[in-house]
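# Structure assessment
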Amino acid sequence: MTPDASLRKLRAQAPLVHCITNYVAMNIAANVTLAAGASPAMIHAPEEVADFVPLAGALTINIGTLSAPWVAAMHRAAETAMAHGVPWVLDPVAHFATPYRASVAQALLAQRPAILRGNASEIMALAGGTGAGKGADSGDSVADAEASAIALARRAGSVVAITGPVDFVTDGGRHITLQGGAEIMPKVTALGCSLTALIGAYAAIAPAFEATAAALLHFAEAGERAARSCEGPGSFSAGFLDQLHNLQPEDLKAERLTWH
Ligand SMILES: Nc1ncnc2c1ncn2[C@@H]1O[C@H](COP(=O)(O)OP(=O)(O)O)[C@@H](O)[C@H]1O
Ligand SMILES: Cc1ncsc1CCOP(=O)(O)O
Ligand SMILES: [Mg+2]
């Protein structure tokens with residue numbers, strides 16, 4: 001499915017996306033998902049996730065502010081998603097920072113997410129390497145993480161996306177890069193987490209590889225447009241939501257994706 005067809009379908013269906021995300025991202029990720037045209041629900045109680053996942057078109061799991069009850073909910077939600085054929089997306093925020101975080105990320109990876117998205121440092125570390133990441137922020141180049149992404153995609157059977165100044169997507173066989181976005185994007189917290197939620201929205205209506213490409217393209221295009229008239233991270237945030245909403249399907253041009 002082409003990116004423009006994916007956005008058309010997203011807006012026509014407004015899929016329900018179950019997001020288990022962190023306290024920092026909760027609001028902006030919901031707003032990003034809504035602005036793009038889908039319907040987010042931020043639900044993380046272990047007592048209810050198994051009942052909610054089957055109602056959703058996709059599930060996203062982000063470990064940004066994890067704690068034991070949340071981790072129980074994440075595993076239960078992923079298990080339910082697999083049982084009901086609901087595609088799910090993993091965002092391993094800063095998983096290399098502590099042993100607890102690292103073990104949770106590896107255990108979730110073993111539950112076979114359809115899509116995995118992280119920054120370069122997160123993807124390198126998940127594949128077993130060591131990077132220069134500092135907490136939630138990347139310290140490595142996307143190019144240096146490409147081999148890790150390909151290895152991870154083959155090992156996990158997932159589509160893997162590395163984001164940063166350039167984005168890279170692989171399913172272990174096909175690879176694309178996308179140049180674009182805006183330098184100011186990493187100056188707004190939780191935009192990566194919000195992108196993960198948006199990938200979930202697209203995964204509800206398109207196959208994993210195409211869904212990831214469309215979400216990245218939607219983000220890059222909206223980011224570029226918002227950056228043209230912003231005065232800093234604050235006005236960028238507001239303008240970015242406007243642009244995510246105002247973009248039309250024909251603005252998502254497949255020619256911007258470079259195949260390798
Ligand atoms: N220097 C940059 N130039 C352009 N776009 C960027 C840059 N850094 C990050 N982005 C974009 O910001 C979004 C969030 O990605 P990223 O910052 O890598 O995630 P995270 O917040 O998880 O580290 C992605 O759409 C990515 O393409
Ligand atoms: C700052 C912070 N601390 C824990 S989670 C989080 C948000 C990280 O968001 P992103 O990975 O999108 O930059
Ligand atoms: Mg992140």
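Residues numbered from 1 in each chain as written. Chains lettered and ligands numbered in written order. Predicted model: local features only at pLDDT ≥ 70, side-chain atom pairs only at ≥ 80, totals over all residues. Heavy atoms only, no water.

An unreviewed UniProt entry lists the chain under the name Hydroxyethylthiazole kinase, from Roseivivax lentus. Per UniProt, the chain carries the Sequence similarities (unreviewed entry) text "Belongs to the Thz kinase family." Of the comments in the UniProt record for the chain, the one headed Catalytic activity (unreviewed entry) reads "5-(2-hydroxyethyl)-4-methylthiazole + ATP = 4-methyl-5-(2-phosphooxyethyl)-thiazole + ADP + H(+)". (UniProt positions renumbered as here; feature names shortened; annotations may be inferred.)

## Some thoughts on the packing of aromatic side chains
With the rule as written, the count across this model stands at four aromatic pairs. Here Tyr23 and Trp70 contribute two aromatic rings whose centre-to-centre distance is 5.1 Å and whose plane-to-plane angle is 55 degrees, an arrangement assigned as tilted. Remark: Trp70 occurs in helix α4 (residues 68-84) and Tyr23 occurs in the loop between β1 (16-20) and α2 (26-36); sequence separation between them is 47 residues. Ring plane angle 15 degrees and centroid distance 5.4 Å describe the contact between Phe236 and Phe240, whose orientation is recorded as stacked. With Phe236 and Phe240 both in helix α10 (residues 233-246), this residue pair falls four residues apart, about one helical turn. Both residues of the pair, Phe236 and Phe240, belong to the buried class. Members of the aromatic cluster, connected to one another through ring pairs, are Phe219, Phe236 and Phe240. A cation sits over an aromatic face here: Arg174 above Phe209, 4.2 Å from the ring centre. (Phe/Tyr/Trp six-rings, centres within 6.5 Å; stacked < 30°, edge-to-face > 60°. Helix = DSSP H or I, 4+ residues; strand = E, 2+ residues; numbered from the N terminus. Buried < 20%, exposed > 50% of the residue type's maximum accessible area, 1.4 Å probe, protein only. Lys NZ or Arg CZ within 6 Å of the ring centre and 35° of its normal.)

## Focus on the site of ligand 1
By nearness alone, 16 residues border ligand 1, and Arg117, Asn119, Thr163, Asp167 and Gly180 come closest of all. Between ligand 1 and Asp167 there is a distance of 2.7 Å, counted from an oxygen atom to a side-chain nitrogen or oxygen. Here a nitrogen atom of ligand 1 and a backbone polar atom of Ala182 are 3.3 Å apart. Contact with the protein chains removes 86% of the 540 Å² of surface that ligand 1 exposes when unbound. Taken atom by atom, the bulk of ligand 1 overlaps the largest pocket. (Near = heavy atom within 4 Å. Polar contact = N/O pair within 3.5 Å; in protein donor to acceptor, adjacent residues only side chain to side chain. Areas by Shrake-Rupley, 256 points an atom, 1.4 Å probe, with all protein chains shown as cover. 1 Å grid on protein atoms, 1.4 Å probe; cavity = no way out; pocket = protein on both sides within 12 Å on 5 of 7 lines; lining within 4 Å. Sits in = over half its atoms within 2 Å of the grid points.)

## Details of the UniProt feature "binding site: substrate" (unreviewed entry) in the chain
Residues annotated by UniProt as "binding site: substrate" (unreviewed entry) correspond here to Met42 and Ala190. Put simply, the named residues that line the largest pocket are Ala190. Locating Met42 in the fold gives a position in strand β2 (residues 39-42). Taking the relative accessible area as the measure of exposure, Met42 reaches 22% and is therefore partly exposed. Not counting chain neighbours up to four residues away, the residues in contact with Met42 comprise Cys19, Thr21, Met26, Ala29 and Ala30. Take Ala190: it is sitting in the loop between β8 (175-179) and α8 (191-203). Overall, Ala190 belongs to the buried group, its relative accessible area being 10%. Beyond its immediate stretch of four places on either side in the chain, Ala190 contacts Val24, Ala25 and Ile28. (Contact = heavy atoms within 4.5 Å.)

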